[in-house]
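Descriptive analysis of the structure
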Amino acid sequence: MLTVHLPDGSRREYSQSVSSYDVAAEIGPGLAKAAIAAEVDHQLVDLHASLPTEGQVSLRLLTKRDAEALDVLRHSCAHVMAQAVMRLHEGVQLAFGPCTDTGFYYDFELKQPLTEEDFPKIEAEMRKIVKSGERFERLEMSREESLKICREMGQAFKVEHIETGLADQKSLSFYRQGEFLDLCRGRHVPSTRHIGKAFKLLSLAGAYWKGDSSRQQLQRLYATVFFDKKELQEHLTRLEEAKRRDHRLLGKQLGLFEIDEQVGAGLVLWKPRGAIIREELQNFILQHLKRQGYSQVFTPHIGKLGLYRTSGHFPYYQDSQFPPLIDRDQMNKLADEGCSCSDLANMLREGEIDGYLLKPMNCPHHIRIYASEKHSYRDLPVRLAEFGTVYRWEQSGEIGGLTRVRGFTQDDAHLFVTEEQLGDEIAGCLDLVKIVLGSLGMENYRVRVGLRDPEGDKYVGKPDQWDRAEAACLNAAKSLGAEFTVEPGEAAFYGPKIDFVVRDVIGREWQLGTVQVDYQLPERFDLEYTGADNKPHRPVMIHRAPFGSMERFVGVLIEHFAGAFPLWLAPEQVRLLTVSEKSEDYGRQVEQQLKDAGFRVSGDYRGQKLGAKIRDAQLALIPYMFVVGEKDAQNGTATVRDRIEGDLGPMPLMAAIAKLQEEIDARTVRQVATSPSNNEEAP
C-alpha cells in the first residue's frame, strides 16, 4: 500500500502502481491537464514516472505557476531545438544543452555553421515538432548499453562524456521524443505539445567543448521559452532595453573606456570622460571613509608567492590567478637543467621555489601593514582603505565589458578589530554600503548572507570561530531593517559574508557591495594586539568593499542610468550654446565663469543652427545647456535648458550657477528612467 501526502495536508492511498499524473487525474481533470511535472519527497520527477508501490511519499504537482516548472519547460524546449537542428543539418554533433537564468542554449558541432538567417527555418521545424505532441520518454540503461547507443548514433561528445565525466555512474538515462534520442538526466514536460508557441531563438556564440580552449570549437545557440506569449514579449522587450543600455556600446559612444586587444582582453583603458566618473565616485566615498576613521594606504601590484601561500589564496584560487612570475636567474638555471613546464608547476605548487604573483587580493598586503607595528587594544579598530587593483585570470569566453574583467580596482578596506567591536564595525560597514547605493538611487536591492556549507571541504578555520563569525553577520543583517536571505555554501573560504545584490531597471541582478568577517587570516599570519590584561590577543578581520569593484560598478551605473548620469557624476555637466556668432564673446565669458566655479563645461560655437546644437547636446546626454544670445549678453543672463525638463527660460547667470551647484552639493538623482518592460521606475 502506498500513502501519498499532498501539500494541503490530505492523503491518498493506492494498492496498485500509479504515477503523479494518475494522482492529479484523480484529484480533477483540470489539474491533470495543467500539471507539468512533480516533486516527490522534494525530488523533481517526470509527471508520468511511477511512484513507489508501498510506503509513504510527499507529492507536490507542478503547474506553470511554480518557479521550478519553467526550467522543466526550457530544458524540454532545448531538446526540441536540437531535434529541429538535426532534422535540417546532417552530421550534427551534440554537446550540452542546459537552462540559464533567462532561457537555454545548446552547443553543437556542425559541418556548416549556423547563421541567424537559419533561425526562421529552425523555429518553423520546432513548431512542427511541438504540434506533433510527441511524448518525452525516459529510458534507463547500463553504462555499456549507453556507450553502444551513443557510438551507433555517432555522437562522439556523448561517448567521451560517459567515459570521463560520468565514469562513476553504473546506469544512465536518455530521453526520446520522436526520432530524437539524447543522453539526459531530465526532467521534461509530458509531451512536446506542452511547450506551446512562446519560444524564440535569440543569438549565436562560440564555445569550446567542456570550456577548454584547446578542445573543439562549437557553436552555442541561445533561445528562450515561456508559458505564454505575453511573458515572452515582455522578456524580448527587456532584451531590447538591455541592448539600448548596454554599457559596452554606451561606453564607446560616450567615450568612457576602451578595451584594446593590443593591451589585452579584460584589461580596461579608462578614457578622460570615464576617468571623471570613476574619480567622482572615489572622492565621494573618501569623504565617508574619513568620517568613519579610515586610513588610506597604497600597496604594490605584485607580491611574493609565499605571501599568498600563507593567506591561502594560492593554491585555493590558483586556477583563477595569473601564472606566477619567476626570478630571471632562477628561470635560466632551471631551463639549463632541462626543467619542464609540468616540473616547474609542481615545484611552485609544492613551494620548492618561490616567485611573484600579480595580486589577486589586497588583503595580504594590508595584513603586512598591520603587522609592521605593535598594536594595543586602545589602537583598535585599525581601518585600512585602498583603491587597490587586483588581477584574476578569467576565461576568455567569460570576459565582458566592465562587468567581467581580468584587472579591476576594488574600493577595498580591511578592519582589524576586537571581538567586542565586531558587531558595531560590521554595522558601520553595512551603513557605508547603504549610503553608496542610496546616493545613486539604487534602492532596489536584496541582502544575502553567505554561510559555510556544512558538507563543504573548502573552508579553513575552527568551527567555533565560524560559529561566532556567522552569528555576527546574521545579527548585523537583522539590524539593517531589510529582508535578507541566508544561503549556505556562499561563504568565502575564510569566513561568512554579507552581499548586496542590486536589481536594475530591467530586472537583472548584480552583486555589488560586500562585507566579510574573517577569523582565519589573522590566525594564518599570527596577528596580535596587546589586550587590557597585557597579554597577546588575536584580532578579527573584516573585509569590505561598498562598490565591489570600480569597473563592475561603473558598468552597472552606465546601464542603470542608460548613460544619462546625474549632474554630479556627468563627465560633461554643462554645454554652452551660442545663438549666433555675434554672441560668441559673451558665450566664452560664461563658459569661463562656469569653469571657474568648478563645472565641467564645453562650448559649441559652430556656425550651426541652434536646433542642431541642442540636438547634439541631447544625444550626448549633457545634463544642462546654457543658451546665450545678444539679449543675454545685454542682461547678464543665460537661457537654461534641462536635459529632462526642457527649456527653463532665461536666468541671471549667478542664479543659474547657484541652482546647478545646489544640485551637485546634494548629489541629487533627478532622472527617472522607466523600463517599457515592466513600468518600474528607477533613477
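Residues numbered from 1 in each chain as written. Predicted model: local features only at pLDDT ≥ 70, side-chain atom pairs only at ≥ 80, totals over all residues. Heavy atoms only, no water.

**A closer look at unusual backbone geometry**
A cis amide bond links Gly-186 with the next residue in sequence, Arg-187, at an omega value of 10°. Note that Arg-187 resides in the loop between β10 (180-183) and β11 (199-208). The omega torsion of the bond from Leu-380 to Pro-381 falls at 5°, within 30 degrees of zero and hence cis. Considering the arrangement of structural elements, one finds Pro-381 in the loop between α14 (363-371) and β18 (382-391). Of note, His-42 is a non-glycine position whose phi angle comes to about 70°, a positive value. (Helix = DSSP H or I, 4+ residues; strand = E, 2+ residues; numbered from the N terminus.)

**Notes on the pattern of salt bridges**
Going through the model one piece at a time under the given rule, you end up with 44 salt bridges. Residue Arg-278 is joined to Glu-551 by a salt bridge in which the shortest nitrogen-to-oxygen separation is 3.3 Å. Here Glu-551 lies in helix α18 (residues 550-560) and Arg-278 lies in helix α9 (residues 272-291), a separation of 273 residues in the sequence. Judged by its relative accessible area of 16%, Arg-278 is buried. As a salt-bridge pair, Asp-499 and Lys-497 come within 3.6 Å of each other at their nearest N and O atoms. (Salt bridge = Lys/Arg side-chain N within 4 Å of Asp/Glu carboxyl O. Buried < 20%, exposed > 50% of the residue type's maximum accessible area, 1.4 Å probe, protein only.)

**Points about the confidence of the model for the protein**
Across the protein, pLDDT averages 90, with 98% of residues at or above 70. Mean pLDDT per element in the protein: strand β33 (residues 681-682) is the minimum at 33, and helix α4 (residues 119-132) is the maximum at 97. (pLDDT = per-residue confidence, 0-100.)

**Digging into the nonpolar core**
Core analysis: the biggest nonpolar cluster contains 82 residues, and Leu-281, Ile-426, Phe-553 and Phe-626 have the highest contact counts within it. Looking at this core element by element, the count peaks at nine residues for helix α15 (residues 422-439). Dropping the residues within four chain positions of it, Phe-553 is found in contact with Leu-281, Val-436, Leu-437, Leu-440, Met-442, Leu-512 and Phe-547. Core analysis: the next-biggest nonpolar cluster, separate from the first, contains 38 residues, Ile-36, Cys-77, Met-81 and Val-130 among them. (Core = buried A, V, L, I, M, F, W, Y, C linked by side-chain atoms within 4.5 Å. Contact = heavy atoms within 4.5 Å.)

**Considerations on the packing of helix α5 (residues 143-153) against helix α6 (residues 156-163)**
Packing of α5 against α6 brings their axes to within 8 Å, and their N-to-C directions diverge by 160°. Viewed along their axes, α5 and α6 adopt a mutual orientation that is roughly antiparallel. When the axes of α5 and α6 are compared, the crossing they make is left-handed. Note on element contacts: α6 touches α5 through Lys-158, Val-159, Ile-162 and Glu-163, opposite Arg-143, Ser-146, Leu-147, Cys-150 and Arg-151. Looking at the contact of α5 with α6 residue by residue, the class counts come to four nonpolar, one polar and four charged. (Axes fitted to C-alpha atoms, helices over the stretch in contact; angles between N-to-C directions. Parallel < 35°, antiparallel > 145°, perpendicular 65-115°, else oblique. Left-handed = near helix turned anticlockwise from the far one by under 90°. Nonpolar A, V, L, I, M, F, W, Y, C, P; charged D, E, K, R; others polar.)

**Description of the pairing of strand β2 (residues 11-14)**
Summarising the sheet, strand β1 (residues 2-5) and β2 pair through four bridges and their orientation is antiparallel. Residue pairing across strands places Thr-3 opposite Glu-13, the latter belonging to β2. From the end of β1 to the start of β2, which pair antiparallel, there are five residues, and Gly-9 there has a positive phi angle of about 95°. (Pairing = 2+ DSSP bridges.)

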